[in-house]
Amino acid sequence: MASDLRDTLERIRNKSSVLLEKYNTLQDERNGLAERIEELQNEIIALRKENERLKQDGEYLKMARSIAPDREQVEQYRAVINKLVRDIDKSIAQLNE
């Protein structure tokens, strides 16, 4: 009977040792995963900030594009200005005569 108790106690010790090793392994894995989660959360925060910055840049570009004239308008404005300059030159020439 004492032999059975010793065997049982030895099996319990072995199983508890294995269980403790598994616990430590899982604890290390958990800690590693917790660090990885923190890294990913920081990355998410950084990406959200960059996303907001890019959205703001996009809005600025939309406003700039709507304010800035396109090539056709620039050509029209130049034509009007050139015509006005020619008219002024003609008027000056007439005044000089």
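Refer to the structure presented above.
The following refers to the structure shown. In this text, all values refer to a predicted model and were calculated from it rather than measured experimentally.

Considerations on the overall build of the protein
Within the protein, the secondary structure is distributed over 2 helices and 0 strands. A compact globule built from 97 residues should have a C-alpha radius of gyration of about 13 Å, whereas the protein, at 41 Å, is more than 25% larger. In the structure as shown, the protein presents an accessible area of about 9600 Å², 56% of it carried by carbon and sulfur atoms. Of the side-chain charges in the protein, 18 are positive and 20 negative, and the distance between the mean point of each set is 2 Å.

Notes on the pattern of salt bridges
A side chain with one charge can pair with a side chain of the opposite charge if their charged atoms come near. This structure, assessed with the given rule, holds 5 salt bridges. For aspartate 57, the salt bridge is made with arginine 53, and the minimal N-O distance between the two is 3.2 Å. In this pair, aspartate 57 and arginine 53 are both assigned in helix H1 (residues 2–67), 4 residues apart and thus about one turn of the helix distant. When its relative accessible area of 42% is taken as the criterion, arginine 53 is described as partly exposed. In this structure, arginine 78 engages glutamate 75 in a salt bridge whose closest nitrogen and oxygen atoms are separated by 3.5 Å.

Rules used throughout
Residues numbered from 1 in each chain as written. Predicted model: local features only at pLDDT ≥ 70, side-chain atom pairs only at ≥ 80, totals over all residues. Heavy atoms only, no water. Helix = DSSP H or I, 4+ residues; strand = E, 2+ residues; numbered from the N terminus. Rg over C-alpha atoms; globule rule 2.2 N^0.38 Å. Areas by Shrake-Rupley, 256 points an atom, 1.4 Å probe, with all protein chains shown as cover. Lys, Arg positive; Asp, Glu negative; His and termini not counted. Charge placed at Lys NZ, Arg CZ, Asp CG, Glu CD. Salt bridge = Lys/Arg side-chain N within 4 Å of Asp/Glu carboxyl O. Buried < 20%, exposed > 50% of the residue type's maximum accessible area, 1.4 Å probe, protein only.

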